[in-house]
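Below are the chains, spelled out letter by letter.
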Amino acid sequence: CLLRGADVIVNTDGDNQYDGAAIPALTAPILAGEADIVIGDRGTDRIAHFSPFKRLLQRAGSAVVRRISGLEVRDAVSGFRAYSREAALSTNVFSEFSYTIETIIQAGRAGVSVVSVPVGTNAVTRPSRLFKSIPSFLSKQLMTLVRSYVMYNPLRVFALIGLALMTLGALPVMRFVIFYLMGDGDGKLQSLVIGGVLLVVGFITLTLALLADAVAVNRRLLETTVATLRRIELERMEERAAAQETAAADESDQPPRRAAS
């Protein structure tokens, strides 16, 4: 779409789930300059063919994504979306299963403006081909969620794990110290060993947190570089296409040449 010069890109699923008549409402916030990404809200609580369990999963999943991304998105897994040109240039999808959650978290961390608009849905014509069962869908979405969160918040994730391990390690060490001061430390060496191992692993995890944060900073710089290169490449392609059109127009305006006798 970017190569074709699109200013607004609308994405929908191939199963005809979403009502195409909602496209004007989906693109309106972008055209008005109010948002860069617009997500269609199906109103999953009102969809008749959704079971109570599936509705609960939709609400819980969207709540988790809102918490992680910091965005007020009511239907996080909706595939009916509109992107501005700038948002599309800066979007990078790594998941091979579904882009829906990953792009929301990425947009929230990048400060991209995201809004939701209500959209209608069509009757079900066939079962989803994206997943075979609810457990399969949950496991894949959970992996995408965890990976995206770790990718954009590595310092917090690894620091919490490291502090938790060090806290657990400090407890048996303190137990050993108390018994040692009471003169009964010889039989409590296992507490010292276990606590020491947990403290070492926790310290290593904290070190990994700093390294992961440095990698995350480098990744953000790379994302900015990639977006800039995309923009430059598209501008050059547009200039090349315009030059070819101009050359073709000039040739058509020239009078035909007579062949030499």
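Residues numbered from 1 in each chain as written. Predicted model: local features only at pLDDT ≥ 70, side-chain atom pairs only at ≥ 80, totals over all residues. Heavy atoms only, no water.

### A few points about helix α4 (residues 100–110)
Taking burial as the measure, the 11 residues of α4 include 8 buried ones, the bulk of the element. Where α4 is concerned, the buried positions are T100, I101, E102, T103, I104, I105, Q106 and A107. Positioned one or two residues after α4, G111 has a phi angle of 75°, which is positive. (Buried < 20%, exposed > 50% of the residue type's maximum accessible area, 1.4 Å probe, protein only. Helix = DSSP H or I, 4+ residues; strand = E, 2+ residues; numbered from the N terminus.)

### What to know about the nonpolar core
I37, V73, I104 and V114 are the most contacted members of the largest nonpolar core, which totals 25 residues. When contributions to this core are tallied by element, the ones reaching two or more residues are β2 (37–41), α2 (52–69), α3 (85–89), α4 and α5 (134–152). The element best represented in this core is α4, accounting for 4 residues. Every residue in contact with I37, bar those within four places of it in the chain, is listed here: A82, Y83, A87, A107, V112, S113, V114 and V115. Counting 10 residues, the second largest nonpolar core, distinct from the first, contains A22, F80, A82 and V119. (Core = buried A, V, L, I, M, F, W, Y, C linked by side-chain atoms within 4.5 Å. Contact = heavy atoms within 4.5 Å.)

### Some thoughts on the packing of aromatic side chains
Inspection of every chain in the model, using the stated rule, returns 2 aromatic pairs. Note on Y18 and F80: the rings are 5.3 Å apart at their centroids and 25° apart in plane angle, and the pair reads as stacked. In this pair, Y18 is assigned in the loop between β1 (8–11) and α1 (23–31) and F80 in the loop between α2 and β3 (81–84), connecting sequence segments 62 residues apart. By relative accessible area, which is 3% here, Y18 ends up buried. For F80, a relative accessible area of 1% corresponds to the buried category. Here the aromatic rings of F176 and Y180 are separated by 5.9 Å at their centres, their planes lie at 25°, and the arrangement is stacked. Residue F176 and its partner Y180 are located together in helix α6 (residues 154–181), separated by 4 residues, close to a single helical turn. In this structure Y180 comes out as exposed when scored by relative accessible area, which is 54%. (Phe/Tyr/Trp six-rings, centres within 6.5 Å; stacked < 30°, edge-to-face > 60°.)

### Quick notes on the pairing of β2
Burial of β2 is extensive: 5 of the 5 residues sit out of reach of the surface. Alternating positions in β2 separate into two faces, I37, I39 and D41 on one and V38 and G40 on the other, with burial throughout. Pairing analysis gives 3 bridges linking β2 to β3, with the strands arranged antiparallel. Residue pairing for β3: I37 is matched across the bridge by Y83. Bridge analysis of β2 against strand β4 (residues 114–118) gives 5 bridges, and the strand direction is parallel. Looking across to β4, one finds that I39 is bridged to S116. (Pairing = 2+ DSSP bridges.)

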